[in-house]
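Residue-level structure breakdown
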Amino acid sequence: MTQRGEPPGPIPADRLHNAAAVFGMLAATARLQILWLLSQSERDVGTLAAEIGQTVPAVSQHLSKLKLAGLVHVRKLGRRSIYTITDPDIADIVRLAFRHHQLRNGPPRPDAR
């Protein structure tokens with residue numbers, strides 16, 4: 001048995017497909033940045049757009065894709081839509097990716113965005 005109780009050996013094709021789809025969502029830099037920010041705290045579309053330097057419609061489109069993929073959840077707060085990550089494991093994957101990069105390449109430059 002593996003660490004999470006999975007039987008050893010190959011992963012079934014449907015599970016591989018689902019995992020690849022998640023990584024596909026993470027491959028877009030804007031979506032990865034959105035998930036990074038949401039791993040820290042919930043945010044609305046306008047806040048996310050301002051933080052990543054994109055328009056509200058562009059961020060809304062990314063959030064729609066992330067929602068369809070089941071990676072984010074939205075709730076209404078008055079007229080605002082508040083987004084959170086649906087699964088803490090996704091936040092861990094994002095953090096681990098950045099940790100891996102930092103361990104290999106050193107800390108980020110202050111001017112890097």
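For the structure, see preceding data.
Presented here is an overview of the structure given in this document.

Time to look at the overall build of the chain. The helix and strand inventory of the chain stands at 5 helices and 3 strands. Counted from the first residue to the last, the chain has its helices and strands arranged as α-α-β-α-α-β-β-α. For the chain, the residues scored as buried account for 26% of the 113 residues in total. Within the chain, residue pairs in contact and separated by at least 24 positions form 50% of the contacts whose partners lie at least 6 positions apart. Accessible surface for the chain amounts to roughly 8,000 Å². Of this, 57% is attributable to carbon and sulfur atoms.

Another point: the environment of Ser 60. With respect to the element layout, Ser 60 can be found in helix α4 (residues 56–68). Judged by relative accessible area, Ser 60 falls into the partly exposed class, the value being 26%. For the pair Ser 60 and Leu 48, spaced 12 residues apart in sequence, the C-alpha to C-alpha distance is 9.4 Å.

Moving on, we get to the sheet that holds strand β3 (residues 80–85). One open sheet holds the 3 strands; their spatial order is β1-β3-β2, and the pairing between them is antiparallel. Here the strands that pair on one side only, and so sit at the sheet edges, are β1 (43–44) and β2 (72–77). By the bridge criterion, 2 bridges tie β1 to β3 in an arrangement that is antiparallel. Opposite Asp 44, over in β3, you have Ile 82 as the bridge partner.

In this structure the tally under the stated criterion is 4 salt bridges. The partner of Arg 75 in a salt bridge is Glu 42, with the nearest N and O atoms 2.6 Å apart. Here Arg 75 is found in strand β2, whereas its partner Glu 42 is found in the loop between α2 (29–40) and β1, with 33 residues between them in sequence. Among the ionic pairs, Arg 80 bridges to Asp 44, the shortest N-O distance being 2.9 Å.

With their axes 11 Å apart at the nearest point, α2 and helix α3 (residues 45–52) run at an angle of 115° to one another. Once α2 is placed against α3, the crossing between them reads as right-handed. Listed contacts from α3 to Ala 30, Gln 33, Ile 34, Leu 37 and Leu 38 of α2 are Leu 48, Glu 51 and Ile 52. Of the residues in the contact of α2 with α3, the class split is 6 nonpolar, 1 polar and 1 charged.

Below, the discussion takes up the nonpolar core. Membership of the largest hydrophobic core comes to 21 residues, with the highest contact counts inside it found for Ile 34, Leu 35, Leu 38, Leu 48, Val 59, Leu 63 and Leu 66. In this view, Val 59 contacts Ile 34, Val 45, Leu 48, Ala 49, Ile 52 and Gln 54; residues no more than four positions away in its chain are not counted.

All right, on to the packing of α2 against α4 then. Where α2 contacts α4, the axes come no closer than 10 Å and their chain directions differ by 75°. Judged by the inter-axis angle, α2 sits roughly perpendicular to α4. Residues Ala 30, Arg 31, Ile 34, Leu 35 and Leu 38 of α2 lie in contact with α4, whose contacting residues are Val 59, His 62, Leu 63, Lys 65 and Leu 66.

Taken together, the 6 bridges between β2 and β3 define a ladder with antiparallel strand orientation. Bridge assignment links Val 74 to a residue of β3, and that residue is Tyr 83. What sits between β2 and β3 in their antiparallel hairpin is a turn of 2 residues, with Gly 78 showing a positive phi close to 65°.

Criteria and thresholds
Residues numbered from 1 in each chain as written. Predicted model: local features only at pLDDT ≥ 70, side-chain atom pairs only at ≥ 80, totals over all residues. Heavy atoms only, no water. Helix = DSSP H or I, 4+ residues; strand = E, 2+ residues; numbered from the N terminus. Buried < 20%, exposed > 50% of the residue type's maximum accessible area, 1.4 Å probe, protein only. Contact = heavy atoms within 4.5 Å. Areas by Shrake-Rupley, 256 points an atom, 1.4 Å probe, with all protein chains shown as cover. Pairing = 2+ DSSP bridges. Salt bridge = Lys/Arg side-chain N within 4 Å of Asp/Glu carboxyl O. Axes fitted to C-alpha atoms, helices over the stretch in contact; angles between N-to-C directions. Left-handed = near helix turned anticlockwise from the far one by under 90°. Nonpolar A, V, L, I, M, F, W, Y, C, P; charged D, E, K, R; others polar. Core = buried A, V, L, I, M, F, W, Y, C linked by side-chain atoms within 4.5 Å. Parallel < 35°, antiparallel > 145°, perpendicular 65-115°, else oblique.

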